[in-house]
Amino acid sequence: MTDLNKSNNTDHTNSANEQLLNAVDNNVNSQQVSIKAWSQKLLVVILCIASFYGGWKSYESNMVNDCTANGGQMIEGKKTMICQLS
């Protein structure tokens, strides 16, 4: 009967150790997911800014091309570009 008590205590100890290891694994996994989510959010923000800037520069370039195609000349103002037709 002493042997049965020892095996029962060992089972409870192993079960407690497994629960502790599972809790630690879950905590590590949640931290990795959190870091991944933040890095993805940062990447999306950077890509949005780059896309906006690229679109803005493309629009400016199209306006300059339209102006010169119609025989005009671009004149820089303080905050704007002005197309002056000859």
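Here we summarise the structure given alongside this text.

Analysis parameters
- Residues numbered from 1 in each chain as written.
- Predicted model: local features only at pLDDT ≥ 70, side-chain atom pairs only at ≥ 80, totals over all residues.
- Heavy atoms only, no water.
- Helix = DSSP H or I, 4+ residues; strand = E, 2+ residues; numbered from the N terminus.
- Areas by Shrake-Rupley, 256 points an atom, 1.4 Å probe, with all protein chains shown as cover.
- Disulfide = S-S within 2.5 Å.
- Buried < 20%, exposed > 50% of the residue type's maximum accessible area, 1.4 Å probe, protein only.
- Phe/Tyr/Trp six-rings, centres within 6.5 Å; stacked < 30°, edge-to-face > 60°.
- Lys NZ or Arg CZ within 6 Å of the ring centre and 35° of its normal.
- Pairing = 2+ DSSP bridges.
- Patch = residues over 30% accessible without salt bridge, like charges linked within 9 Å, V, L, I, M, F, W, Y side chains within 5 Å.
- Salt bridge = Lys/Arg side-chain N within 4 Å of Asp/Glu carboxyl O.

Another point: the overall build of the protein chain. Each helix and strand counted, the protein chain has one helix and two strands in total. Secondary structure elements of the protein chain occur, N-terminal to C-terminal, as α-β-β. Just so you have it, the protein chain exposes about 7800 Å², and 59% of that area is on carbon and sulfur atoms.

We now examine the state of the cysteines. Enumeration over the complete set of coordinates arrives at one disulfide. Across the disulfide from C67 sits C83; the S-S distance is 1.9 Å. Between C67 and C83, the S-S torsion sits near 90 degrees, and that sign places the bridge as right-handed. With C67 in helix α1 (residues 2–69) and C83 in strand β2 (residues 81–85), the pair connects residues that are 16 residues apart, well separated along the chain. For C83, a relative accessible area of 35% corresponds to the partly exposed category.

Bringing the packing of aromatic side chains into the picture now. With the rule as written, the count across this model stands at one aromatic pair. When the ring of Y53 is compared with that of W56, the centres are 6.2 Å apart and the planes differ by 85 degrees; the resulting orientation is edge-to-face. With Y53 and W56 both in helix α1, this residue pair falls three residues apart, about one helical turn. Judged by relative accessible area, Y53 falls into the partly exposed class, the value being 47%. Stacked on the ring of W38, the Lys or Arg K41 has its end atom at 5.0 Å from the ring centre. Just above the ring of W56 sits the side chain of K57; from NZ or CZ to the centre is 5.5 Å.

Turning our attention to the pairing of strand β1 (residues 72–76). Both β1 and β2 contribute to a ladder of five bridges, which runs antiparallel. In the strand pairing of β2, I75 is matched with I82.

Among the surface-exposed residues, F52, Y53 and W56 lie close enough to one another that they form a single nonpolar patch of about 400 Å² accessible area. Counting through the fold element by element, F52 comes out in helix α1.

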